[in-house]
Amino acid sequence: MTEAVTIDVREIMRHLPHRYPFLLVDRVTEFEPNVRIKALKNVTINEPFFVGHFGDYPVMPGVLIIEALAQAAGVLSIKSVGERKENELYFFVGIDNARFKRQVVPGDQLVLEVEQIASKRGIAKYNARALVDGQVACEAQIMCAKREV
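Here is what the cut-offs are and how they apply
- Sequence positions are assigned chain by chain, starting from 1 and proceeding in written order.
- Local features in this predicted model are restricted to residues whose pLDDT is 70 or higher, and side-chain atom pairs enter the listing and the counts only when it is 80 or higher, whereas totals over whole chains, interfaces and linings include all residues.
- Here the side-chain values reflect all heavy atoms present in the structure, with hydrogen atoms and water set aside.
- Only DSSP runs of H or I covering at least 4 residues are called helices, and only runs of E covering at least 2 are called strands; the numbering of each starts at the N terminus.
- Atoms counted for the radius of gyration: C-alpha only. Globule rule: 2.2 Å times residue count to the power 0.38.
- Contact criterion: two residues are considered in contact whenever any of their non-hydrogen atoms come within 4.5 Å of each other.
- What sets the accessible areas is the Shrake-Rupley method with a 1.4 Å probe; for residues, cover comes only from the shown protein chains.
- In what follows, salt bridge is the name for a side-chain nitrogen of Lys or Arg lying within 4 Å of a carboxyl oxygen of Asp or Glu.
- Summary of the burial criterion: residues with accessible area below 20% of their type's maximum are buried, those above 50% are exposed, and those between are partly exposed, where the area comes from a 1.4 Å probe applied to protein chains only.
- Here the aromatic set is Phe, Tyr and Trp, taking the six-membered ring for Trp, and pairing holds for ring centres within 6.5 Å; pairs whose planes are under 30 degrees apart are stacked, those over 60 apart are edge-to-face, and all others are tilted.
- The criterion is that NZ of a Lys, or CZ of an Arg, lies within 6 Å of the ring centre and within 35 degrees of the ring normal, and then a charge sits over that ring.
- Each patch groups residues whose relative accessible area exceeds 30% and which form no salt bridge, using 9 Å between like charges and 5 Å between nonpolar side chains of Val, Leu, Ile, Met, Phe, Trp and Tyr.
- Remark: nonpolar core denotes a set of buried residues (Ala, Val, Leu, Ile, Met, Phe, Trp, Tyr, Cys) joined through side-chain atoms within 4.5 Å.
- Following DSSP output, two strands are said to pair if at least two bridges run between them.

A.B. asks: What's the story with the overall build of the protein chain in this structure? I'm lost.
C.D. replies: Counting its regular elements, the protein chain contains two helices and seven strands. Computed over its C-alpha atoms, the radius of gyration of the protein chain comes to 15 Å, within 12% of the 15 Å expected for a compact globule of 149 residues. Dimensions along the principal axes, computed over C-alpha positions, put the protein chain at roughly 45 × 30 × 25 Å. Pairs at least 24 residues apart make up 63% of the contacts formed inside the protein chain by residues separated by at least 6 positions. In the structure as shown, the protein chain presents an accessible area of about 8,000 Å², 51% of it carried by carbon and sulfur atoms.

A.B. asks: Even after reading the chapter, I still don't get the side chain of Gln71, so can you show me in this structure?
C.D. replies: In this fold, Gln71 is placed in helix α2 (residues 62-81). Not counting chain neighbours up to four residues away, the residues in contact with Gln71 comprise Leu16, His18, Phe22, Leu23, Leu24 and Val25.

A.B. asks: Is there a simple way to explain the pattern of salt bridges in this structure?
C.D. replies: Two side chains bearing opposite charge may form a pair once their charged atoms approach each other closely. Summed over the entire model, instances satisfying the criterion amount to nine salt bridges. Of the charged contacts in the structure, one is a salt bridge between Lys41 and Glu47, with a shortest N-O distance of 2.8 Å. By relative accessible area, which is 4% here, Lys41 ends up buried. Residue Glu47 is classed as buried on the basis of its relative accessible area of 9%.

A.B. asks: Which parts of the structure should I look at to understand the environment of Ile37?
C.D. replies: Looking at the secondary structure, you find Ile37 in strand β3 (residues 36-42). The spacing of Ile37 and Leu112 is 75 residues in sequence and 7.9 Å in space, taken between C-alpha atoms. Ile37 has contacts with Val28, Glu30, Phe31, Ala72, Val75, Leu76, Leu112, Glu113 and Val114, leaving out every residue within four places of it along the chain.

A.B. asks: Mind showing me how you'd approach the packing of aromatic side chains here?
C.D. replies: The relation between two aromatic rings is expressed through the spacing of the ring centres and the mutual angle of the planes. Evaluated as defined, the whole model comprises one aromatic pair. The cationic tip of Lys79 hangs over the ring face of Phe31; the distance from NZ or CZ to the ring centre is 5.6 Å.

A.B. asks: Is there a simple way to think about a nonpolar patch on the surface in this case?
C.D. replies: A surface patch of nonpolar side chains, amounting to about 340 Å² of accessible area, comprises Phe91, Val93, Ile123 and Val149. Given the relative accessible area of 32%, Ile123 is considered partly exposed.

A.B. asks: Even after reading the chapter, I still don't get the nonpolar core, so can you show me in this structure?
C.D. replies: Within soluble globular proteins, side chains that are nonpolar tend to cluster in buried spots. Core analysis: the biggest nonpolar cluster contains 41 residues, and Val28, Met60, Leu110, Leu112 and Val114 have the highest contact counts within it. Not counting the four nearest positions on each side in its chain, Val28 is found in contact with Val5, Thr6, Ile7, Ile12, Ile37, Lys38, Ala39 and Val75.

A.B. asks: I would appreciate a short explanation of the side chain of Ser80 in the present structure.
C.D. replies: Residue placement: Ser80 occurs in helix α2. Apart from residues no more than four positions distant in its own chain, Ser80 is found in contact with Phe31, Pro33, Asn34 and Val75.

A.B. asks: Would you mind showing me how to read the pairing of strand β5 (residues 109-120) here?
C.D. replies: One face of the sheet, then the other: side chains in a regular strand alternate in exactly this way. When β3 meets β5, the two strands line up antiparallel, connected through seven bridges. When the bridges of β5 are listed, Asn42 appears paired with Gln109. When β5 meets strand β6 (residues 123-132), the two strands line up antiparallel, connected through nine bridges. The partner of Lys120 across the bridge, within β6, is Ile123. In textbook terms, the turn of a hairpin is the stretch between consecutive antiparallel strands, and for β5 and β6 this stretch comprises two residues, one of which, Arg121, has a positive phi near 50 degrees.

A.B. asks: Is there a simple way to explain unusual backbone geometry in this structure?
C.D. replies: In terms of backbone geometry, most residues other than glycine have negative phi values and most peptide bonds are trans. Put simply, Tyr20 and Pro21 share a cis peptide bond, and its omega is 5 degrees. One can find Pro21 in the loop between α1 (9-15) and β2 (27-32). Its identity as a non-glycine residue notwithstanding, Arg121 has a phi of 50 degrees, on the positive side.

What follows is the structure, encoded as structure tokens:
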């Protein structure tokens, strides 16, 4: 059963090694271990990529939307097993069928929905989509792999 939760950025930072300016998940609102996660990314004009990504017409780069989805998938995987070991990282290792359907601009809130569809030997596959105001901005199948470093 999907659990309505609030996982704040401090807990997210315990699970993910990412830090400013590359931490792209602000909050988790739903979590079902090994099944799905729903998270938020608040997009502001203060994001460093907007300075050079079209200047007069700021648009969030698609690769960063995909990265936000991969980070949400990482939180899903790591939180499902409890904690991440100090010498463990979850790497984004694959993407299929990525489609961008709507621009993401300052002031938008990305709703990141990730569903785990397979997991075997430390590699997991997910269906992922990012929505703004109920409209799909991006969808893709992504893969992440757990590795010791």
